[in-house]
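Take a look at the letters that make up each chain.
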Amino acid sequence: MNYVRDLRALIGHAPVNWVGVCALVLNAAGEVLLQRRTDTGWWGTLGGIAELGEALEDTLRRELWEEAKLTPLKADFLTVISGPQTYQKLPGGDEFYQVVAVYVVREWEGVPVPDGEEGTELHFFGLDHLPSPLGPVDGEALELLQGGM
């Protein structure tokens, strides 16, 4: 089952609300793990869309494993980001708004490895040296993280 693919087969590129998670994965130095996305070429946080009926905590675990081969040991809920500023239109034409639960992950296991499908690179960045451009939710989540540290 692939919720996004199945729904897009029914509705095409029409705008939708996607519910998902954003993981702010931090190393011991307080740097955040970002991936270079294959769909936009932008840097962004790890995370993604919940499958139909999936709990957000399960989405977080699944997405971290799929995108970076990481297992979160402890994830702290930070906030929900939603609204018109989350709108995106991907190069392929898909349009969406995001409703994203943001989690801070300071404890995790594994060695970050990009999946090659959603991301081509993974890199830790200092919060004062973030790359550009960032997706709208990624930028907002990172600003909140900076303000709370």
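Residues numbered from 1 in each chain as written. Predicted model: local features only at pLDDT ≥ 70, side-chain atom pairs only at ≥ 80, totals over all residues. Heavy atoms only, no water.

Participant: Please clarify how the overall build of the chain should be interpreted in this entry.
Facilitator: A tally of helices and strands in the chain yields 3 helices and 8 strands. Taken from N to C terminus, the helices and strands of the chain fall in the order α-β-β-β-β-α-β-β-β-β-α. The C-alpha atoms of the chain give 14 Å as radius of gyration, which agrees with the globular expectation for 149 residues (15 Å, within 12%). In terms of overall dimensions, the chain has C-alpha extents of about 45 × 30 × 25 Å along its principal axes. Residue burial in the chain is summarised as follows: out of 149 residues, 40% are buried. In the chain, once contacts between residues fewer than 6 apart in sequence are set aside, the share between residues at least 24 apart is 70%. Counting only carbon and sulfur atoms, one obtains 55% of the accessible surface of the chain, whose full area is about 7700 Å². Across the chain, the mean location of the 10 positive side-chain charges is 2 Å away from that of the 23 negative side-chain charges. (Helix = DSSP H or I, 4+ residues; strand = E, 2+ residues; numbered from the N terminus. Rg over C-alpha atoms; globule rule 2.2 N^0.38 Å. Buried < 20%, exposed > 50% of the residue type's maximum accessible area, 1.4 Å probe, protein only. Contact = heavy atoms within 4.5 Å. Areas by Shrake-Rupley, 256 points an atom, 1.4 Å probe, with all protein chains shown as cover. Lys, Arg positive; Asp, Glu negative; His and termini not counted. Charge placed at Lys NZ, Arg CZ, Asp CG, Glu CD.)

Participant: Please explain the side chain of glutamine 98 as it appears in this structure.
Facilitator: Within the secondary structure, glutamine 98 sits in strand E7 (residues 95-109). On the accessibility criterion, glutamine 98 (14% relative accessible area) is buried. If we ignore the near neighbours within four places in the chain, the residues touching glutamine 98 are Trp18, Ile81, Ser82, Gly83, Thr86, Gln88 and Val137.

Participant: When you look at helix H2 (residues 56-68) in this model, what are you seeing that I'm missing?
Facilitator: Because an α-helix completes one turn every 3.6 residues, residues spaced three or four positions apart along the sequence face the same direction. Taking 1.5 Å as the rise per residue, H2 with 13 residues should run 18 Å; its terminal C-alpha atoms sit 18 Å apart, in good agreement. Looking only at H2, the buried set comprises Thr59, Leu60, Arg62, Glu63, Leu64, Glu67 and Ala68. On its buried face, H2 is in contact with strand E1 (16-25), strand E2 (32-37), strand E4 (46-49), strand E5 (71-81), E7 and strand E8 (119-125). One or two steps after H2, the chain reaches lysine 69, where phi turns positive at roughly 60 degrees. (Expected span 1.5 Å × (residues − 1).)

Participant: Would you take a moment to explain the side chain of arginine 8 for this structure?
Facilitator: Inspection of the secondary structure puts arginine 8 in helix H1 (residues 3-11). Residue class for arginine 8 comes out buried when judged on its relative accessible area of 10%. Apart from the residues within four sequence positions on either side, arginine 8 is in contact with His13, Ala14, Val16, Trp18, Asp94, Glu95 and Phe96.

Participant: What is the right way to look at the confidence of the model for the chain in this model?
Facilitator: Should the pLDDT be low somewhere, the predicted coordinates at that spot are not to be read in detail. Per-residue pLDDT for the chain has a mean of 93; in total, 98% of the residues score no lower than 70. Ranking the elements of the chain by mean pLDDT puts H1 last, at 83, and H2 first, at 98. (pLDDT = per-residue confidence, 0-100.)

Participant: Help me understand the sheet that holds E8, please; the structure alone is not making it clear to me.
Facilitator: Think of a sheet as strands paired side by side through backbone hydrogen bonds, with each pair either parallel or antiparallel. In space, the 3 strands of this open sheet follow the order E3-E2-E8, with antiparallel pairing throughout. In this open sheet, the two strands that pair with only one neighbour each are strand E3 (43-44) and E8. In this structure, E2 lies alongside E3, joined through 2 bridges in antiparallel fashion. Bridged to glutamine 35 within E3 is glycine 44. (Pairing = 2+ DSSP bridges.)

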